[in-house]
2 protein chains.
Amino acid sequence: MDLNERKLKVLQAIISDFVATAEPVGSRTLTRKYDLGFSPATIRNEMADLEEMGYLTHPHTSAGRIPSEKAYRLYVNELMKKQELTKAEKNAISSQLMANFDELDKTIEHAAHILSEITQLTAFAMTPRKEQDIIKYIRLLPVDEHTVVLMIVSESGKISNQSLRIAQGYQEETLDMLSKSFTYSYKGKTLNEAIKMNIIRDFESDIEMMRLVQDNVMPHLMRTFEDMLNINLYLDGYSNIFDLPEYSDISRARMFLNMLNQKDVMTDELIRRGEGLKITIGDENDSADMKDCSLITATYHIDGKLVGKIGVIGPTRMKYSKITSVIEYLTDNLNNAFTLPGGQNDKEKER
Amino acid sequence: MDLNERKLKVLQAIISDFVATAEPVGSRTLTRKYDLGFSPATIRNEMADLEEMGYLTHPHTSAGRIPSEKAYRLYVNELMKKQELTKAEKNAISSQLMANFDELDKTIEHAAHILSEITQLTAFAMTPRKEQDIIKYIRLLPVDEHTVVLMIVSESGKISNQSLRIAQGYQEETLDMLSKSFTYSYKGKTLNEAIKMNIIRDFESDIEMMRLVQDNVMPHLMRTFEDMLNINLYLDGYSNIFDLPEYSDISRARMFLNMLNQKDVMTDELIRRGEGLKITIGDENDSADMKDCSLITATYHIDGKLVGKIGVIGPTRMKYSKITSVIEYLTDNLNNAFTLPGGQNDKEKER
DNA sequence: GTTAGCACTCACAAGTGCTGAGTGCTAATA
DNA sequence: TATTAGCACTCAGCACTTGTGAGTGCTAAC
């Protein structure tokens with residue numbers, strides 16, 4: 001028994017209908033709604049075959065058919081046609097994204113917001129892994145007698161600062177010297193390399209300075225390097241799930257929301273996924289909590305190097321085609337924005 | 001008919017029981033659980049009186065009694081006794097708070113987390129309104145040929161930075177000059193004042209410089225001032241509501257979550273509330289969405305000046321006494337931390 | 001090979017009856 | 001006179017029943 005033309009046609013119709021309505025699809029409904037050209041009885045036969053082949057399931061004897069995960073996989077791989085976005089949709093995405101183009105992290109967060117608005121699902125966006133981010137310079141700046149700001153600028157445009165307290169006070173010249181010394185040591189190093197370096201001995205010649213560095217500055221410097229490595233995960237539109245019949249059961253809604261709350265689980269799952277557009281359906285997901293969800297994710301790049309991820313999560317019944325298009329368009333926009341010379345401040349140019 | 005001793009005793013028992021169980025309280029249950037010293041029939045009579053006086057309601061004829069909002073108000077004003085936290089609880093709060101004492105905003109966010117963990121409700125924390133925050137200095141720092149970091153440090157310890165692009169390039173000396181000039185002009189001014197100032201004419205003598213400032217720097221400077229004024233609202237523990245029978249109905253849970261999602265509504269509501277500890281019960285809340293919730297909020301201060309808010313939101317049935325104590329202790333901690341010399345970096349001292 | 005017809009299935013909604021926790025009222029009691 | 005025991009009554013919640021409609025699989029006719 002093979003998947004002939006007609007079977008595919010029936011399967012496609014069932015998937016369309018079920019994605020739209022979330023109700024099991026019966027043979028009669030199918031003939032009424034779609035002009036397939038054969039009777040309910042024929043469709044019933046085809047349905048029985050499709051079920052045997054594993055593409056459909058049956059919640060109970062007298063209910064209609066539901067596409068299985070295998071059916072969605074087939075649909076995504078073969079049946080799904082690319083759904084071009086309308087000009088209006090594209091404009092909406094681009095303009096909204098550009099209207100909020102400040103800091104790297106804010107932009108990513110905003111992209112997740114746009115995505116959830118358009119797809120009406122829960123969207124997430126992960127900032128890049130910054131292992132490869134290269135330190136540009138480090139500076140210590142005076143604030144008051146006991147407070148100093150530590151500022152680290154990296155190539156990705158990520159700027160980090162932290163104020164730190166120096167109980168015994170300090171000289172401004174010392175700060176300048178330290179700034180130069182740190183920049184000299186760390187410039188051109190990746191964050192990962194920086195964390196592993198030990199530069200304390202550079203200050204051995206001056207015991208007082210060494211103590212200052214060791215006790216006051218170094219711990220903060222290391223912590224800030226680590227902070228910069230951190231991956232941030234932004235979620236948006238979690239309450240959209242209440243519009244989906246899949247989550248009309250409170251315990252399922254709750255489980256879903258709890259899953260989202262475990263940011264580390266989510267982050268791990270996302271990190272594991274490869275580059276480019278990835279669609280995982282139900283059981284294909286590694287994490288047990290996601291076994292009845294589908295994820296569509298894509299990667300965006302900053303200067304072609306650092307890689308972040310963005311995507312949506314929802315029930316396996318989702319508009320794979322439309323969502324895929326939206327995500328692709330969104331990541332294209334992000335890539336462009338983050339890659340043009342001048343990076344994140346490119347908005348200036350357009351003025 | 002007045003609220004004699006016995007009526008208060010009965011009311012108190014009903015409130016305790018209902019807060020604990022969320023079930024309407026019957027006269028027999030009451031005698032069984034609490035050793036009140038009179039029979040169910042007597043209690044029934046008292047209950048009928050209390051109901052007539054507006055302190056109790058009746059979901060239906062054959063159900064037990066439920067405290068009205070008026071009853072909670074009476075309880076909060078008169079009956080509630082201060083519930084001291086145990087040493088262990090206090091330690092838990094202090095140590096958790098101190099363990100995460102980096103940047104101002106992060107600390108506030110973390111405080112909300114702690115609060116939601118302890119109360120098992122949804123907690124929120126609002127960063128201070130920074131109208132009164134005073135600018136300490138402004139600096140422009142070179143990143144690469146076309147990129148400059150603009151850094152503003154304020155007295156509250158809030159540091160803001162933004163990278164900006166200067167298409168035509170720049171000289172390092174220019175940046176130094178501008179840093180000095182900006183600091184000279186803005187130092188000691190509040191953010192509000194700074195936004196209203198116009199310092200462009202200070203550069204009139206040098207047309208090229210003036211253009212640079214006007215076109216490239218000023219817009220960012222103003223935007224950053226405005227960003228610094230922004231109030232951030234952090235929410236934590238929204239999914240705790242799923243443990244409350246009040247929200248076992250999905251549509252109520254949804255409404256609650258939607259309300260939380262409207263950050264501007266929440267922020268407005270919080271801003272309107274006065275200083276110190278405030279408890280609003282049900283209908284006392286201004287916002288329509290909160291008419292069946294209670295809010296307990298308190299204010300914390302930074303250097304005795306800037307005022308932020310922290311609190312919890314939940315059903316009117318909540319442990320007013322316990323929660324009040326927790327919030328008071330938490331704000332005390334925040335106040336201390338933010339007021340000691342050296343402010344947010346005080347952790348250093350303890351090492 | 002396709003389709004009409006038919007018996008069968010089952011979730012769901014509406015209706016029924018029972019139970020238990022509650023009430024209000026009245027009469028007896030301390 | 002205030003309190004309490006007793007009793008009839010109420011009603012949500014649960015279990016159970018029944019009817020309906022949308023679905024199925026199978027068989028026989030086209």
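Structural data are supplied above this passage.
Quick summary incoming for the structure in this document.

**What to know about the packing of aromatic side chains**
Stage number 1. Considering all chains together, one arrives at 13 aromatic pairs over all chains under this definition.
Stage number 2. Ring geometry for Tyr 238 of chain A and Tyr 238 of chain B: centres 4.5 Å apart, planes at 5°, overall stacked. With one member in each of two chains, Tyr 238 of chain A in the loop between strand E7 (233-236) and helix H10 (250-261) and Tyr 238 of chain B in the loop between strand E7 (233-236) and helix H10 (250-261) form a pair that bridges those chains. Pair check on accessibility: Tyr 238 of chain A and Tyr 238 of chain B agree, each one buried.
Stage number 3. Through a chain of ring-to-ring contacts, the aromatic side chains of Phe 182, Tyr 186, Phe 203 and Phe 225 of chain A assemble into a single cluster.
Stage number 4. Positioned above the aromatic ring of Phe 38 of chain A, the side-chain terminus of Arg 6 of chain A is 5.2 Å from the ring centre.

**Re the packing of helix H1 (residues 5-21) of chain A against helix H4 (residues 69-79) of chain A**
All names here are of chain A.
Stage number 1. With their axes 11 Å apart at the nearest point, H1 and H4 run at an angle of 110° to one another. Viewed along their axes, H1 and H4 adopt a mutual orientation that is roughly perpendicular. Counted together, Leu 8, Leu 11, Gln 12, Ile 15, Phe 18 and Val 19 of H1 and Ala 71, Tyr 72, Leu 74, Tyr 75 and Leu 79 of H4 form the full contact between these two elements.
Stage number 2. Along the lines of polarity and charge, the residues of the contact of H1 with H4 split into 10 nonpolar, 1 polar and no charged.

**Topic: helix H1 (residues 5-21) of chain B**
Residue and element names in this part refer to chain B.
Stage number 1. The end-to-end C-alpha separation of H1 is 24 Å, in line with the 24 Å expected for 17 residues at 1.5 Å each.
Stage number 2. The complete set of buried residues in H1 reads Lys 7, Val 10, Leu 11, Ala 13, Ile 14, Ile 15, Asp 17, Phe 18 and Val 19.
Stage number 3. Contacts from the buried residues of H1 go to helix H2 (27-33), helix H3 (40-52), strand E1 (56-57), strand E2 (66-67) and helix H4 (69-79).
Stage number 4. Two residues or fewer past H1, Ala 22 is found with a positive phi of approximately 65°.

**With respect to helix H7 (residues 172-186) of chain B**
All names here are of chain B.
Stage number 1. In a regular helix each residue adds 1.5 Å, so 15 residues correspond to 21 Å; H7 covers 21 Å between its end C-alpha atoms and thus fits that length.
Stage number 2. Buried within H7 are the following residues: Thr 174, Leu 175, Leu 178, Ser 179, Ser 181, Phe 182, Thr 183, Ser 185 and Tyr 186.
Stage number 3. Check the buried side of H7 and you find it contacts strand E4 (135-144), strand E5 (147-154), helix H8 (191-196) and helix H9 (207-229).
Stage number 4. Within two residues after H7, Gly 188 carries a phi angle of roughly 85°, on the positive side.

**Quick look at the protein's contact with DNA strand C**
Stage number 1. Taken together, 21 residues lie around DNA strand C, and Thr 42, Thr 61 and Ser 62 of chain A together with Ser 27 and Thr 29 of chain B are the ones closest in.
Stage number 2. Taking the atoms of DNA strand C that fall within 4 Å of the protein, sugar and phosphate contribute 76% of them.
Stage number 3. Residue Arg 6 of chain A places a side-chain N or O atom 2.9 Å away from a phosphate oxygen belonging to DNA strand C.
Stage number 4. The side chain of Thr 29 of chain B places a nitrogen or oxygen atom 2.6 Å from a phosphate oxygen of DNA strand C.
Stage number 5. For the surface near DNA strand C, the secondary structure elements donating two or more residues are helix H3 (40-52) of chain A together with H2 and H3 of chain B.
Stage number 6. Top contributing element to the surface near DNA strand C by residue count: H3 of chain A, with 4 residues.
Stage number 7. Across the surface near DNA strand C, the residue classes break down as 4 nonpolar, 13 polar and 4 charged.

What counts, and at which threshold
- Residues numbered from 1 in each chain as written.
- Chains lettered and ligands numbered in written order.
- Predicted model: local features only at pLDDT ≥ 70, side-chain atom pairs only at ≥ 80, totals over all residues.
- Heavy atoms only, no water.
- Phe/Tyr/Trp six-rings, centres within 6.5 Å; stacked < 30°, edge-to-face > 60°.
- Helix = DSSP H or I, 4+ residues; strand = E, 2+ residues; numbered from the N terminus.
- Buried < 20%, exposed > 50% of the residue type's maximum accessible area, 1.4 Å probe, protein only.
- Lys NZ or Arg CZ within 6 Å of the ring centre and 35° of its normal.
- Axes fitted to C-alpha atoms, helices over the stretch in contact; angles between N-to-C directions.
- Parallel < 35°, antiparallel > 145°, perpendicular 65-115°, else oblique.
- Contact = heavy atoms within 4.5 Å.
- Nonpolar A, V, L, I, M, F, W, Y, C, P; charged D, E, K, R; others polar.
- Expected span 1.5 Å × (residues − 1).
- Near = heavy atom within 4 Å.
- Polar contact = N/O pair within 3.5 Å; in protein donor to acceptor, adjacent residues only side chain to side chain.

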